[in-house]
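Chain residues, written in single-letter form:
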Amino acid sequence: MACLMFGQVLQVLPKREVVVGIGSLKLDNLDTLIEKVLDGYLAYGPIAKDGEYAFELIKPGIKPYLGCAVTMLPAKHVLQPVNQMLFSFWLGNGFKIEEPALDTKLAILGISPCDVHAVLALDRVFGGTFVDPYYWERRKNTLIIAANCTEVARESFCTSWGTGPELYSNYDLLLTEIADGYLVEVGSSEGEEVVKDLGLSKATQSDLNDKALRLERARANSRKKLPITPNKLHKFLKDNFDHPAWVRNADVCFSCGNCTFACPTCYCADIRDEVRPSRNVGVRRAEWDSCQILEFSEVALGANFRRPRIDRFKHRALHKLSWMKQQYGLTGCVGCGRCVRWCPSWPERRGRITSLADPVEIVADLMEPREKFKIERPGSTIV
Ligand code: SF4
Ligand code: SF4
């Protein structure tokens, strides 16, 4: 493999040939597809774990869940591992580095539409001005087998962003649960290769109608919505930059970082060298990091650009809801609802299940009259 250093010229993700002729197919038994995928790929999917779902390696005999699973962590760890070795190095007698092989064929099976949109956002981040070749090597070897959501989880608000419950493009295969199996849509030649020997029958008009009906029902039943249209958010947030709701909310944030680790579009990592000077060897690692943690913005001599907690709280919300769109052209929130679920501050407000990290609640608070928020310590500087 070529030397993988940051800033290298972009290795563009090869545009996959979109298959138009094969049409929609019908899959009666999911096991046949899983077996075929496991034959050629290291596959990850939502697996039941401790009463929740987690994107984990699919092993023979363990079926991934293809309903609307707000998994504990999103599938981003397949493309950007929580802790990855970038390379090992030798310092003695001439500098030498060795990089890990990243050519394993990967598959993400059962990824939901909003999470696919999150992967597209990560593509912009890691494939833009500064390229992360580690992400990109994995990404171009990854098969996306998405699953439409025939019900929307109570924490999710994908319909506000248009990121779910239905996916229209950017998949290799797309599955939708129907009355007696799955409708399979093929989006690329790689996807076609997977299903071509499975002996699938052509889907009937009644199968297509079934899909349309289920997704329409999912849309209609999805209750959670952003209280403002996405195209008005940038100006709205700018106009409310000094709204007292920020202080009230930031004061009860634990700065734990859960909301960022769980978010499918958060991508920050800390890079550090672990060196064993006695043996002249070391490894460089990248490990997930969070802008909510105090030390994240610390620089030389202990200076910190976001020491007050409110600065970190605001940074996350504004980056997700506004700045990421300005920077990368795609929203930094896809409405998956993970931050709602995993924030330990879970106040029951307005009679809804919500949390401090919930983008819907953050916007709703900023719409309230300023006088409603009694601030005992204006301009909070709590760290
Ligand atoms: S901000 Fe929350 S709801 Fe939006 S994508 Fe991230 S985790 Fe999901
Ligand atoms: S908003 Fe919630 S999850 Fe995020 S850092 Fe604060 S307490 Fe933790």
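Analysis parameters
Residues numbered from 1 in each chain as written. Chains lettered and ligands numbered in written order. Predicted model: local features only at pLDDT ≥ 70, side-chain atom pairs only at ≥ 80, totals over all residues. Heavy atoms only, no water. Helix = DSSP H or I, 4+ residues; strand = E, 2+ residues; numbered from the N terminus. Rg over C-alpha atoms; globule rule 2.2 N^0.38 Å. Buried < 20%, exposed > 50% of the residue type's maximum accessible area, 1.4 Å probe, protein only. Contact = heavy atoms within 4.5 Å. Areas by Shrake-Rupley, 256 points an atom, 1.4 Å probe, with all protein chains shown as cover. Lys, Arg positive; Asp, Glu negative; His and termini not counted. Charge placed at Lys NZ, Arg CZ, Asp CG, Glu CD. Near = heavy atom within 4 Å. Nonpolar A, V, L, I, M, F, W, Y, C, P; charged D, E, K, R; others polar. Expected span 1.5 Å × (residues − 1). Core = buried A, V, L, I, M, F, W, Y, C linked by side-chain atoms within 4.5 Å. Pairing = 2+ DSSP bridges. Axes fitted to C-alpha atoms, helices over the stretch in contact; angles between N-to-C directions. Arc of directions from axis to C-beta. Left-handed = near helix turned anticlockwise from the far one by under 90°.

## Focus on the overall build of the chain
Looking only at helices and strands, the chain features 13 helices and 12 strands. A globule of 383 residues ought to have a C-alpha radius of gyration of about 21 Å, and the chain, at 22 Å, matches this closely. Looking at the chain as a whole, 50% of its 383 residues are labelled buried. Considering only residue pairs separated by 6 or more positions, the chain has 71% of its internal contacts joining residues 24 or more positions apart. When the accessible surface of the chain is summed, it comes to about 18,500 Å², and 54% of that surface belongs to carbon and sulfur atoms. Where the 50 positive side-chain charges of the chain centre and where its 47 negative ones centre are 5 Å apart.

## Notes on the site of ligand 2
What surrounds ligand 2 is the set Cys253, Phe254, Ser255, Cys256, Gly257, Asn258, Cys259, Gln292, Phe313, Cys343, Pro344 and Ala357. In the shell around ligand 2, the residues fall into 8 nonpolar, 4 polar and no charged.

## A few points about helix α7 (residues 205-221)
Counted at 1.5 Å a residue, the expected span for α7 with its 17 residues is 24 Å, and the 24 Å between its end C-alpha atoms agrees. Lining the buried residues of α7 we find β1 (24-27), β8 (173-178) and β9 (181-186).

## A short note on the nonpolar core
Counting 29 residues, the largest nonpolar core has Leu233 and Trp246 as its most contacted members. Mapped by element, the contributors of at least two residues to this core are α8 (230-239), α9 (244-250), α11 (309-328), α12 (338-342) and α13 (359-366). The element that contributes the greatest number of residues to this core is α11, accounting for 5 residues.

## Points about the sheet that holds β8
For sheets, the rule is that strands pair by backbone hydrogen bonds, running either parallel or antiparallel. With mixed pairing, 8 strands are arranged side by side in an open sheet as β3-β2-β6-β7-β8-β9-β1-β10. The open sheet terminates on both sides in strands that have one partner only, identified here as β3 (52-57) and β10 (201-202). Note that strand β7 (residues 142-147) and β8 share 3 bridges and pair parallel. Bridged to isoleucine 145 within β8 is leucine 173. Each of β3, β6 (106-111) and β7 is contacted by helix α3 (residues 113-126), which is oriented at about 140° to β6, the strand it contacts most.

## Observations regarding α8
Every α-helix carries 3.6 residues per turn, so stepping three or four residues along brings you back to the same face. By the burial criterion, the buried members of α8 are Leu233, Phe236 and Leu237. Along the long axis of α8, the arc covered by the buried residues comes to 95°, so they all point the same way. For α8, exposure combined with an orientation more than 90 degrees from the buried face picks out Asn231, Lys232, Lys235 and Lys238. The secondary structure elements touched by the buried residues of α8 are α5 (158-161), α11 and α13.

## A closer look at the packing of α8 against α11
Closest axis-to-axis distance for the α8/α11 pair is 10 Å, and the angle between their directions is 115°. Both α8 and α11 take part in a crossing whose hand is left-handed. Within the contact between the two elements, α8 uses Leu233, His234 and Leu237 and α11 uses Leu318, Leu321, Ser322 and Gln326. The residue makeup of the contact of α8 with α11, split by class, is 4 nonpolar, 3 polar and no charged.

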